[in-house]
Amino acid sequence: MTAAIKDAAHVVDAATVMRLLPARPRLFALGEPTHGEDVLLELRNDLFRQLVEQEGYRTIAIESDCLMGLVVDDYVTSGTGTLDEVMQRGFSHGFGASPANRELVRWMRTYNDGRPAADQLRFAGFDGPLETAAAASPRQALTALYDYLADRVDADLLPCTAESLDRLLGTDEQWTNPAAMMDPTRSMGRTPEAGQLRLLADDLVSLVDTQTPYLVAVSSPDDWDRAHLYGRTATGLLRYHFWMADSSPGRIARVLGARASMMAANLLAIAERGPALVHANNAHLQRNESTMQMGDLTSHWWSAGAIASAQLGEGYAFMATALGTIRHRGVDTPLPDTIEGLLYVLPEDRYIVDPRRLAAALGDTTPAPRVSPWFGYSPLDPDHLASIDGIVFVRDAPAGQTWWPAA
């Protein structure tokens, strides 16, 4: 069986990616099974560089705050700010600490230097302004959308004044209270002010739609795109906070679904601009339904990738990364009857594996699911093989390249 599996494994490069796909997808999504291991991000950087240079991809989107990502995009397209400032202010989830992310941004800036705007490589975060402990206030997105409209349309078309919007938003600390993550009564999401803000956000987004002919004529393409980003983010955050305040058994599923919906909306908007490369945790990009077990409660929702795939069809491709060991996290050599174990015995350090040929090599043998001793790593689910376009396998994650202490 090992020889047949080896025949399914190929060098990690752009040509291999394209051979496994029926056509160049509008969104090519590469997942990772854990955060914080730069060996995975270095592989991503190498592969994405090739896809940019050989296949014409023009946006790189990662699992980071979509509003903070504008800081990175301004830097890589026009040199605004310094690299140190961008790494500090342009990434959420602690991702700015990654040397590989820093190298990606540096390379994108170098690639764009001297190129006309139409040929430049763009950066995007596609996550909402969300962290593990809290969700952001809708202030930044709502006020940016309001200011965009106030600068361009008659004041009597606006649904409120800037002062009334500021009053309803209150303090950011009310929205970002970490206690709300576990206690819905501590959330702002169902207060009278939040209810009014949801209506105002809807009115502002509607005003963008009804004034489209005029706004397109008086806006730059970037300003127009960002207005829609602010609208998606404002309505998405207010929806997220609403479900944070829910006390029903469906609370967790609705919160996770709200995040996935925000991510998917951003991905689809990015895809409208042209072919894009996407990187995030496997769980955010998979086509299968997602599940989470918390005590006796099992929550189900569809990931951003599943939503995007359903809408784009062959315009969406997903390759999942599988990892052999993370010994500094207690993840040792995989058992031989798991997918990771079957690939770990191959001689090279990394491969792209054709899942169809792998399934044929396995025949009637069903790989066992791998169980991780560390909750920050998610092994590849063997039941997902049929819905994956390729497996990127990395043998070992060295301890010296870990930069992310969070789980």
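Criteria and cut-off values
Residues numbered from 1 in each chain as written. Predicted model: local features only at pLDDT ≥ 70, side-chain atom pairs only at ≥ 80, totals over all residues. Heavy atoms only, no water. Axes fitted to C-alpha atoms, helices over the stretch in contact; angles between N-to-C directions. Helix = DSSP H or I, 4+ residues; strand = E, 2+ residues; numbered from the N terminus. Parallel < 35°, antiparallel > 145°, perpendicular 65-115°, else oblique. Contact = heavy atoms within 4.5 Å. Nonpolar A, V, L, I, M, F, W, Y, C, P; charged D, E, K, R; others polar. 1 Å grid on protein atoms, 1.4 Å probe; cavity = no way out; pocket = protein on both sides within 12 Å on 5 of 7 lines; lining within 4 Å. Points joined across faces, edges and corners; volume = space filled by probe spheres on them. Salt bridge = Lys/Arg side-chain N within 4 Å of Asp/Glu carboxyl O. Buried < 20%, exposed > 50% of the residue type's maximum accessible area, 1.4 Å probe, protein only. Expected span 1.5 Å × (residues − 1). Polar contact = N/O pair within 3.5 Å; in protein donor to acceptor, adjacent residues only side chain to side chain. Phe/Tyr/Trp six-rings, centres within 6.5 Å; stacked < 30°, edge-to-face > 60°. Lys NZ or Arg CZ within 6 Å of the ring centre and 35° of its normal. Pairing = 2+ DSSP bridges. Left-handed = near helix turned anticlockwise from the far one by under 90°.

Engineer: Looking at this structure, how should I read the packing of helix α12 (residues 221–244) against helix α13 (residues 251–273)?
Structural biologist: Any two packed helices are characterised by the angle at which their axes cross and by the distance between the axes. The geometry of α12 relative to α13 is characterised by a closest axis approach of 8 Å and an angle of 170 degrees between their N-to-C directions. Viewed along their axes, α12 and α13 adopt a mutual orientation that is roughly antiparallel. Contacts between α12 and α13 involve Asp225, Leu229, Arg232, Thr233, Gly236, Leu237, Tyr240, Trp243 and Met244 from the former and Arg251, Arg254, Val255, Ala258, Arg259, Met262, Ala265, Asn266, Ala269 and Arg273 from the latter. Here the residues of the contact of α12 with α13 are counted per class, giving 10 nonpolar, three polar and six charged.

Engineer: Looking at this model, I keep getting lost on the layout of surface pockets. Mind explaining?
Structural biologist: Leftover empty space is mapped by rolling, across the atoms, a probe with the size of a water molecule. Roughly 360 Å³ of internal volume is contained in the second largest pocket. As for the second largest pocket, its lining consists of 19 residues, of which Asp225, Leu229, Arg232, Ala269 and Arg273 are closest to the centre. When residues in the lining of the second largest pocket are grouped by element, the largest group, six residues, is from α12.

Engineer: Help me out: how do you make sense of the pattern of salt bridges in this one?
Structural biologist: Where charged atoms from two side chains of opposite charge approach closely, those side chains can pair. Under the definition given, this model contains 19 salt bridges. Aspartate 113 is the partner of arginine 109 in a salt bridge, and the nearest nitrogen-oxygen pair spans 3.8 Å. Classification of arginine 109 as buried rests on a relative accessible area of 19%. What makes aspartate 113 exposed here is its relative accessible area of 56%. For the salt bridge of arginine 395 with aspartate 396, the shortest nitrogen-to-oxygen distance reads 3.6 Å. What makes arginine 395 partly exposed here is its relative accessible area of 22%. A single salt-bridge network, built from bridges that share partners, covers Asp73, Asp74, Arg122, Asp222 and Arg226.

Engineer: Before we go on, may I ask you to explain empty space enclosed by the protein in this structure?
Structural biologist: Taken as a whole and judged by the stated rule, the model has two cavities of 30 Å³ or more. Forming the walls of the largest cavity are Glu32, His35, Gly36, Leu41, Arg44, Ile62, Glu63, Phe95, Asn101, His279, Ala280 and Trp403. Looking at the lining of the largest cavity, the elements with two or more residues in it are α3 (38–55), β3 (59–65) and β5 (276–281). Here the lining of the largest cavity is composed, by residue class, of five nonpolar, four polar and three charged. Space inside the second largest cavity adds up to approximately 40 Å³. Surrounding the second largest cavity, Leu30, Gly31, Glu32, Leu40, Leu43, His279, Thr321 and Val394 form its lining.

Engineer: Looking at this model, I keep getting lost on helix α7 (residues 139–150). Mind explaining?
Structural biologist: Since the α-helix packs 3.6 residues into each turn, any two residues three or four apart lie on the same face. Relative to the 16 Å expected for 12 residues at 1.5 Å per residue, α7 spans 16 Å between its end C-alpha atoms, a close match to the ideal helical length. Buried residues belonging to α7 abut α8 (162–169), α10 (192–210), α11 (212–218) and α12.

Engineer: Could you clarify how one ought to interpret α3 in this entry?
Structural biologist: Compared with an ideal rise of 1.5 Å per residue, which puts 18 residues at 26 Å, α3 spans 24 Å between its outermost C-alpha atoms and is within 8% of the ideal. Within the span of α3, buried status applies to Asp38, Val39, Leu40, Leu41, Leu43, Arg44, Asn45, Leu47, Phe48, Arg49, Leu51 and Val52. Of the residues one or two after α3, glycine 56 is the one with positive phi, at around 80 degrees.

Engineer: Mind showing me how you'd approach the side chain of asparagine 266 here?
Structural biologist: Take asparagine 266: it is sitting in helix α13. Look at asparagine 266 and you get buried, because its relative accessible area is 4%. Among the polar contacts listed, one links the side chain of asparagine 266 to the side chain of arginine 232, at a separation of 3.0 Å. With near-sequence residues (within four places) excluded, asparagine 266 lies in contact with Cys66, Phe126, Asp127, Leu229 and Arg232.

Engineer: When you look at the packing of aromatic side chains in this model, what are you seeing that I'm missing?
Structural biologist: To describe a pair of aromatic rings, one takes the distance between the centres and the angle between the planes. Across all of its chains, the model carries three aromatic pairs by this definition. With centroids separated by 5.4 Å and ring planes inclined at 45 degrees, the aromatic side chains of tryptophan 107 and tyrosine 111 adopt a geometry described as tilted. With tryptophan 107 and tyrosine 111 both in helix α6 (residues 99–112) and four residues apart, the pair spans about one turn of that helix. Residues tryptophan 107 and tyrosine 111 agree in their burial class; the two are buried. Against the face of tyrosine 57 rests arginine 24, its NZ or CZ located 5.7 Å from the ring centre.

Engineer: Before we go on, may I ask you to explain the sheet that holds strand β9 (residues 350–353) in this structure?
Structural biologist: Two pairing modes exist for strands in a sheet, parallel and antiparallel, and in both the strands are linked by backbone hydrogen bonds. Spatial strand order, β1-β9-β10-β8-β2-β5-β3-β4: eight strands in an open sheet with mixed pairing. Each edge of the sheet is formed by a strand with only one pairing partner; in this case those strands are β1 (9–10) and β4 (122–127). Examined bridge by bridge, strand β2 (residues 27–32) and β5 share six bridges and lie parallel to one another. Opposite leucine 27, over in β5, you have alanine 276 as the bridge partner. Packing of α13 onto the sheet brings it into contact with β2, β3, β4 and β5, and relative to β4 it is tilted by some 160 degrees.

Engineer: How should the packing of α7 against α12 be read in this particular structure?
Structural biologist: One can describe the packing of α7 onto α12 by two numbers: an axis separation of 8 Å at closest approach and a directional angle of 140 degrees. As summarised for this structure, α7 and α12 are arranged oblique, according to the angle between their axes. Considering how the two elements wind past one another, α7 and α12 form a crossing that is left-handed. Across the interface between the two elements, Ala141, Leu142, Ala144, Leu145 and Tyr148 of α7 pack against Asp223, Trp224, Ala227, Tyr230, Gly231, Thr233, Ala234 and Leu238 of α12.

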